[in-house]
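# Per-entry structural report
These are the residues of each chain, in order.
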Amino acid sequence: MSVGLLAVVDDILSAALKASAKSAGVVIDDAAVTPQYVQGITPARELPVVGKIALGSIANKFLIIIPVALLLTAFAPAVLPFLLILGGAFLCYEGAEKVLEWFGVHHGAADDGPRDEKKLVLGAIRTDLILSAEIMLISLSNLDDDMSIWQTLAVLAVIALLMTGIVYGAVALLVKIDDIGLRMAKNPSRQVRHTGMRIVRSMPAVFRVISVVGTIAMLWVGGHLLLANLGEVGVYAAADLLHGIEHALHDLGGVVVWTGETFVSAIAGLVAGLIIVGVLMLVRRLRHRGADAHSGAGAH
C-alpha cells in the first residue's frame, strides 16, 4: 500500500517538474516584477507585504486559475485564448505606464505620499494573477493527455505550491538582502564588514536594474500573450510573426531564437501598451470635457 502511494507521489512530482520546466521564463519574470511593489514601504513591513502577496498568489492559483482552467479546458477551450489576450493587454498597459514614467510622463494622478499598503498588495496580486495564469496554463498544456482529472489536479497543485515558493522566496531574499548586509557590516571581522557595506551600497542599483527587468518582463510576457493568442483566435499575422522569427533564426541556436522572440514580443507589448494608455487618456479627457460642459450648463 505504502509502495503504491509512493509510486503515485513520485509520478505526480515527476510530471509536475516536467510540465513546469517550460514556464521557467515566466517564473523569472514574476520574481523580477514583484519587488517593484515593495519599494517605498518601511523595512518592517516588507516581509509582511511579501507574505500577503504570496497568500494572494496561492488564492489566485487554487481558487481562480486551476478551477477555471480545468473547466474551460473541458467545456469551453475556445474561451481561453481570449482571456489570455485580455491578460496580456493588461500587462502591456502596466509595462507601458512604467516606461512612460521613466520619461516623466504620468497620465494618472501623481502619488508623492506614502504608499497605501492595501492598494499595493491588491495591485501586485492582480499582476500575479496574469503571470500565474500563464505559468499554470503552460504547465497544463504540457501534461500527458491520458492523465485523469484527479492526477491533473494533483500535479497542478504541486506546481502552484512549488512556483509560489520559488518566486516569493526569491522576492523575500531580494527585499531583505540589504538588512543582511547591514548585519554583516557590524561583524567583528573586517572582511565580513567590508562585504556587508558593499552589499548595502549596491542595493539601490540592484533594485533599479530589477525595476527595469520587471518592466521589460511585463512587456515581453504581455506581448507574447497577445501575439500567440491572437493567432489562436484567427489573427494569424501575429502568430506568423513569431513563427517567422523562429524559422529565420533556427540555425543560430535556441538562445538566439529565444532572444529574437523575446525582443519582438517586448516591442509588440510596448506598442500595444502605449496604444492602450493613449486610448485611456483620450477617454479620460473626453469625460472631463463632458463633466466641465455639464457643470458649465448647470451654472447658466
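Residues numbered from 1 in each chain as written. Predicted model: local features only at pLDDT ≥ 70, side-chain atom pairs only at ≥ 80, totals over all residues. Heavy atoms only, no water.

For the protein, the helix and strand inventory stands at 9 helices and 0 strands. Listing every helix and strand of the protein by position from the N terminus yields α-α-α-α-α-α-α-α-α. Sorting the 300 residues of the protein into buried and exposed places 39% on the buried side. (Helix = DSSP H or I, 4+ residues; strand = E, 2+ residues; numbered from the N terminus. Buried < 20%, exposed > 50% of the residue type's maximum accessible area, 1.4 Å probe, protein only.)

The geometry of helix α4 (residues 80-102) relative to helix α7 (residues 190-232) is characterised by a closest axis approach of 7 Å and an angle of 150° between their N-to-C directions. It follows that α4 is roughly antiparallel to α7 by the angle criterion. Every pair of crossing elements has a handedness; the one defined by α4 and α7 is left-handed. Within the contact of α4 with α7, the residues separate by chemical class into 16 nonpolar, 8 polar and 3 charged. (Axes fitted to C-alpha atoms, helices over the stretch in contact; angles between N-to-C directions. Parallel < 35°, antiparallel > 145°, perpendicular 65-115°, else oblique. Left-handed = near helix turned anticlockwise from the far one by under 90°. Nonpolar A, V, L, I, M, F, W, Y, C, P; charged D, E, K, R; others polar.)

Attention now goes to the packing of helix α5 (residues 117-141) against helix α6 (residues 149-185). It is at 10 Å that the axes of α5 and α6 come closest, and there the two elements cross at 135°. For the element pair α5 / α6, the angle class is oblique. The element α5 and its partner α6 pack so that their crossing is right-handed. Touching Asp128, Ile135, Met136, Ser139 and Leu140 of α5 are Thr152, Leu156, Ile159, Ala160, Met163 and Tyr168, all from α6. Looking at the contact of α5 with α6, its residues break down into 8 nonpolar, 2 polar and 1 charged. (Contact = heavy atoms within 4.5 Å.)

Our next topic: the confidence of the model for the protein. The predicted coordinates should not be examined in detail at positions where pLDDT is low. Mean pLDDT over the protein: 80, with 81% of residues reaching 70 or higher. Of all the helices and strands in the protein, helix α1 (residues 2-20) carries the lowest mean pLDDT, 61, while helix α3 (residues 43-75) carries the highest, 88. (pLDDT = per-residue confidence, 0-100.)

Here the focus is a nonpolar patch on the surface. Residues Phe62, Leu63, Ile64, Val68, Val79, Leu83, Leu86 and Leu161 make up a contiguous nonpolar surface patch of about 720 Å² in total accessible area. Elements with a contribution of two residues or more to the nonpolar patch: α3 and α4. Here the element with the most residues in the nonpolar patch is α3; it accounts for 4 residues. With respect to the element layout, valine 68 can be found in helix α3. (Patch = residues over 30% accessible without salt bridge, like charges linked within 9 Å, V, L, I, M, F, W, Y side chains within 5 Å. Areas by Shrake-Rupley, 256 points an atom, 1.4 Å probe, with all protein chains shown as cover. Salt bridge = Lys/Arg side-chain N within 4 Å of Asp/Glu carboxyl O.)

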